[in-house]
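So you can see what is in the structure, the chains are spelled out below.
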Amino acid sequence: MSFPKGDYKNIKLIEGLARRAILDLVPYSSARSEYVGKSEILLDANENTFGSAVDLPSVCSHLNRYPDPLQIDLRNKLAKLYKVNSNQIFVGNGSDEAIDLLLRVFCEPGKDAILITPPTYGMYEVIANVQGVLIQRANLSSDFTVDYSGIKKTINSKSKIVFICSPNNPTGNKVEFSEIVKIAKLTAGILVVDEAYIDFAEQDSAISLLQRFPNIVVLRTLSKAWGMAGIRTGFAIAHPRIISLLQKIKFPYNVSSLSQATALRALDQKKFLSTVVAKIKTERARLSEQLSKNPDVVKVFPSDASFILVKFKNSNLAFNKLNASGIIVRDRNNTKGCENCLRISIGTREENNSIIACLNSSTNSNKSKKIKKVAASE
Ligand SMILES: *Cc1c(COP(=O)(O)O)cnc(C)c1O
């Protein structure tokens, strides 16, 4: 995807939203990123040229060397996958790093704001608080759809970044594509569309909107559908001028050699992705149906993600019951809008059966002694 000349003025304006300090910044330049050509004797980075304490040749060679700061191979591969240019891709230590850097690029502490639509992913708020950035809230409607008129009322010249999470964590529902377009039109700042769970949804990616709206940043991650949470690798996909601002302020070696090499291999496993996504969707439907029959369950919210949000008559009772059987789920009872709700990651068939059986059992002293864990992470 290449950007038409016509958006130049537009992107200039968007780039101009960045903090003065970032626009003026002289970035750290690692010796390796300046060097082009074939190198024989590398004595520029104070690496240990005798070798590495541990060698993992089956993953990647030369662990004594710093990783590629520009992640060329990985970005080229992602560019093909997402049908964009490699200069439209930022690779981070998880997509959480991209969220952090976006706030640091665009939001002046104590002055600028992000706009979020609670209940939503908690890290937007945490990162804003760390950076001293104001938080504007336009709550989701009671059915968890985005409240466009609420956003319209809340958004102002302070709103540097609007975060839309689709499918949304923890509610599970996607934001309709037409709504995302409406919000993109409304936003003079940056619109981040967090697509951590899009592989589980019937939904077009906002990547297809990048050309029309150069202020959109799409977030993707290897942590969910690809099953690679352990390597901490996530991406931001956006206009090259936005990506270059992220590149400018990232730590030079933000993604380890192990992560880059492993990510490259993971991305070849398209079959794994489609198989696992299909299984999770099947289990999502089955678990939702089974739990909705449970008399202690008030509602299972429809999900386009790899988890379901379940409202109980008393979520503390359900949580403790699951805990007593060694099943860990995410308690969202204290989240406004999610009272008495638990967020349950879709497990394997056996894990889901354990949840169903545990919640159907009448006492806390559950007979199942098997310890089953359902990932409690984000
Ligand atoms: C899990 C999650 C992320 C973070 O993913 P990482 O790449 O592991 O940092 C981002 N956004 C949402 C909504 C998530 O649930």
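Preceding this paragraph is the structure being described.
Student: I keep staring at the side chain of Asn352 and nothing clicks. Help me out?
Tutor: Relative to the assigned elements, Asn352 resides in helix α13 (residues 349-360). In this structure the side chain of Asn352 is engaged in a polar contact, spanning 2.9 Å, whose partner is the backbone nitrogen of Gly347. Setting aside residues no more than four positions away along its own chain, Asn352 makes contact with Glu283, Arg286, Leu287, Ile346 and Gly347.

Student: Whenever I open this one, the pattern of salt bridges confuses me. Can you help?
Tutor: A side chain with one charge may pair with a side chain of the opposite charge, provided their charged atoms come close. Applying the stated criterion across every chain yields a total of 15 salt bridges. Among the ionic pairs, Lys182 bridges to Glu179, the shortest N-O distance being 3.5 Å. Here Lys182 and its partner Glu179 are both found in helix α8 (residues 177-186), three residues apart, which amounts to about one turn of the helix. Its relative accessible area of 36% is what places Lys182 among the partly exposed residues.

Student: I keep staring at the site of the ligand and nothing clicks. Help me out?
Tutor: In the vicinity of the ligand, 14 residues are found, and the nearest of them are Asp194, Tyr197, Thr221, Ser223 and Lys224. One nitrogen or oxygen atom from the main chain of Asp96 is found 3.1 Å from an oxygen atom belonging to the ligand. For the ligand, an oxygen atom lies 3.0 Å from a polar atom in the side chain of Lys224. The fraction of the free accessible surface of the ligand (380 Å²) that becomes covered by protein chains is 97%.

Rules and cut-offs
- Counting restarts for each chain, with residues numbered from 1 along the sequence as it is written.
- Confidence filtering applies because this is a predicted model: local features only for residues at pLDDT of at least 70, side-chain atom pairs given and counted only at 80 or more, and all residues used for totals across whole chains, interfaces and linings.
- To obtain the side-chain values, all non-hydrogen atoms of the structure were used and water was disregarded.
- Helix and strand definitions follow DSSP, with helices as H or I runs of at least four residues and strands as E runs of at least two, each counted in order from the N terminus.
- Between N or O atoms, a polar contact is any pair within 3.5 Å; within protein, one atom must be a potential hydrogen donor and the other a potential acceptor, and residues adjacent in sequence are included only when both atoms are from side chains.
- What makes two residues a contact is simply this: any of their non-hydrogen atoms within 4.5 Å.
- The salt bridge definition used is simple: a Lys or Arg side-chain nitrogen within 4 Å of an Asp or Glu carboxyl oxygen.
- Relative accessibility under 20% of the residue-type maximum defines a buried residue, over 50% an exposed one, and the middle range a partly exposed one, all with a 1.4 Å probe and only protein chains included.
- One heavy atom within 4 Å of a molecule or strand is enough for the residue carrying it to be called near that molecule or strand.
- Methods summary: accessible areas were calculated by the Shrake-Rupley approach with a probe of 1.4 Å, and residue burial reflects only the protein chains presented.

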